[in-house]
Amino acid sequence: MKYYLIVGEASGDLHASRLMQCLKNHDPEAQFRFFGGDNMLAVGGTRVRHFKELAYMGFVPVLTHLPTIFRNMRACKEDIVRWNPDVVILVDYAGFNLKIAKFVATQNRIYKKYVIAKAKAMTATTEVKLPKKPQTKSIIPVFYYISPKIWAWKEWRIRSIKRNIDKLFSILPFEKDFFEKKHKYPIHYVGNPTAEEVQRFKDSYHTTFEQFTTENSLTRQPIIALLAGSRKQEIKDNLPAMIEAARRFEDYQLVLAGAPSIDDDYYATFIKDTPVRMVRNKTYELLAHSTAALVTSGTATLETALMDVPQVVCYETPLPKLIRIAFNLIIKVKYISLVNLIANREVVTELFADKFRVYDIANELYRILPGQPARTTMLEGYRQVRTILGSDIAPDNAARLMIAELKK
């Protein structure tokens with residue numbers, strides 16, 4: 001079968017590549033075409049656009065890149081029509097992907113209407129005016145892997161999901177109640193791919209601290225890891241404060257996890273004239289040897305927890321007091337980190353909006369260093385999170401379910 005996948009960032013590229021490999025395992029004739037990254041390309045198929053051309057975050061960056069965004073969206077729609085896949089699989093990245101879902105679903109509805117009208121016209125005794133002709137040559141189901149996080153905000157998107165998504169595959173256990181109980185929309189919880197990826201890494205990684213530090217030109221001091229996000233805006237907002245807070249701990253070395261989509265020159269703006277060293281494409285390796293971490297919100301918070309590294313979640317926002325009011329009154333969830341959302345309680349400290357201050361970051365970092373009670377408490381919370389996530393292999397479960405649905 002022909003599978004068309006769309007991702008918009010590095011984590012999506014990783015998860016989609018695992019899904020593609022599992023689809024190949026269950027469907028040896030699988031063909032892939034995609035908007036994605038290097039991990040997906042390594043599995044095979046044709047890359048139409050790199051996700052770097054799509055990943056814009058924040059009001060101003062999105063606004064200034066609108067022509068590019070619209071151009072990529074138009075190219076994606078045209079390419080789907082041209083290739084006519086058996087299914088479109090959307091991976092996270094709701095802003096772009098839900099618009100693609102609407103386009104494909106609309107074409108599906110036009111196609112159904114046209115086929116029915118054409119069948120009636122063939123038996124009619126009088127001339128029948130046919131409706132608008134579809135762009136697509138067949139019905140193309142739309143599957144969503146790693147469902148949009150509408151439980152946090154933009155809950156109204158549920159209308160679009162119900163109307164335009166044929167099957168939703170969730171990787172967060174609490175989403176099942178949200179979609180099925182609250183919105184009466186059935187979904188598949190397939191397990192959490194991050195949990196399985198981290199466990200596979202831990203089972204196979206045997207490099208010692210001395211080997212790691214030597215290979216990456218680091219000192220023998222214990223490490224505080226800095227995970228400042230995968231987008232330029234996140235790095236710009238968070239990394240300077242992270243560095244200022246962490247460099248107060250002179251007995252530790254500061255090591256930044258470089259995101260694959262960010263150039264060295266951009267990082268240099270923030271880490272030159274600082275004691276920060278950087279390693280690239282080695283986030284799990286870095287965490288395996290870190291004593292503690294400062295982490296922006298996102299998948300990295302869960303990865304850090306599953307690697308058993310105590311962390312402080314840091315996330316600067318514009319208009320912090322206004323954002324805090326909005327979070328309390330408008331946002332539908334109590335937490336911003338996946339760790340706390342999964343546990344449904346505060347396992348890790350979240351410093352965002354008006355709580356994002358260098359002094360507080362440093363203070364919370366001190367509380368999770370060796371010998372402090374908060375460190376032990378956090379590690380116990382991590383064990384609870386692992387239990388909740390379970391041990392299912394998410395991409396394999398999703399691949400089997402997808403193929404079964406398509407064969408129907």
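Preceding this paragraph is the structure being described.
Residues numbered from 1 in each chain as written. Predicted model: local features only at pLDDT ≥ 70, side-chain atom pairs only at ≥ 80, totals over all residues. Heavy atoms only, no water.

## Focus: the sheet that holds strand S13 (residues 349-352)
Working definition: the strands of a sheet are paired by backbone hydrogen bonds and lie parallel or antiparallel to each other. The sheet built from six strands is open, its strands ordered S10-S9-S8-S11-S12-S13 with parallel pairing. The two strands at the open ends of the sheet, each matched to only one other strand, are strand S10 (277-280) and S13. In this sheet, neighbouring strand axes are inclined to one another by 25 degrees on average, regardless of whether the strands run parallel or antiparallel. The strands touched by helix H11 (residues 264-271) within the sheet are strand S9 (253-258) and S10, with S10 carrying the most contacts at an inclination of about 155 degrees. (Pairing = 2+ DSSP bridges. Helix = DSSP H or I, 4+ residues; strand = E, 2+ residues; numbered from the N terminus. Axes fitted to C-alpha atoms, helices over the stretch in contact; angles between N-to-C directions. Contact = heavy atoms within 4.5 Å.)

## Some words on the pattern of salt bridges
Evaluated as defined, the whole model comprises 19 salt bridges. When the shortest N-O distance is used, the salt bridge between glutamate 196 and arginine 200 registers 3.3 Å. Here glutamate 196 and its partner arginine 200 are both found in helix H8 (residues 193-204), four residues apart, which amounts to about one turn of the helix. When its relative accessible area of 44% is taken as the criterion, arginine 200 is described as partly exposed. One network of salt bridges, in which partners are shared, links Arg18, Glu196, Glu197 and Arg200. (Salt bridge = Lys/Arg side-chain N within 4 Å of Asp/Glu carboxyl O. Buried < 20%, exposed > 50% of the residue type's maximum accessible area, 1.4 Å probe, protein only.)

## A word on the packing of H8 against helix H13 (residues 299-306)
Contact geometry of H8 with H13 gives a least axis separation of 10 Å together with a crossing angle of 40 degrees. By the angle between their directions, the pair H8 and H13 is classed as oblique. Viewed along their axes, H8 and H13 form a crossing whose handedness is right-handed. Between H8 and H13, the contacting residues are Thr194, Ala195, Val198 and Lys202 on the first element and Thr299, Leu302, Glu303 and Leu306 on the second. When its residues are assigned to classes, the contact of H8 with H13 shows four nonpolar, two polar and two charged. (Parallel < 35°, antiparallel > 145°, perpendicular 65-115°, else oblique. Left-handed = near helix turned anticlockwise from the far one by under 90°. Nonpolar A, V, L, I, M, F, W, Y, C, P; charged D, E, K, R; others polar.)

## Brief notes about the packing of helix H10 (residues 232-246) against H11
For the pair H10 and H11, the least separation of the axes is 10 Å and the interaxial angle reads 30 degrees. If you check the angle between H10 and H11, you find them roughly parallel. For the crossing formed where H10 meets H11, the hand is right-handed. Contacts from Lys232, Ile235, Lys236, Leu239, Pro240 and Ile243 in H10 reach Tyr266, Tyr267, Phe270 and Ile271 in H11. Here the contact of H10 with H11 is built from residues that sort into eight nonpolar, no polar and two charged.

## Structural notes on the sheet that holds strand S2 (residues 31-36)
An order of S3-S2-S1-S4-S5-S6-S7 is seen for the seven strands of this open sheet, with the pairing classed as parallel. The open sheet terminates on both sides in strands that have one partner only, identified here as strand S3 (46-50) and strand S7 (188-189). Sheet topology places S2 next to S3; four bridges connect them, and they run parallel. The partner of glycine 36 across the bridge, within S3, is histidine 50. The sheet contacts of helix H18 (residues 394-407) involve strand S1 (2-6), strand S4 (87-91), strand S5 (142-145), strand S6 (167-170) and S7, and relative to S5 the element is tilted by about 170 degrees.

## Section: the pairing of S4
Counting buried residues in S4 gives five out of five residues, a clear majority hidden from the surface. The two faces of S4 match: Val87, Ile89 and Val91 on one face and Val88 and Leu90 on the other face are all buried. Here S1 pairs with S4 via four bridges, running parallel. Counterpart to isoleucine 6 in the pairing with S4 is leucine 90.

Function-wise, these values are silent; they only describe arrangement.
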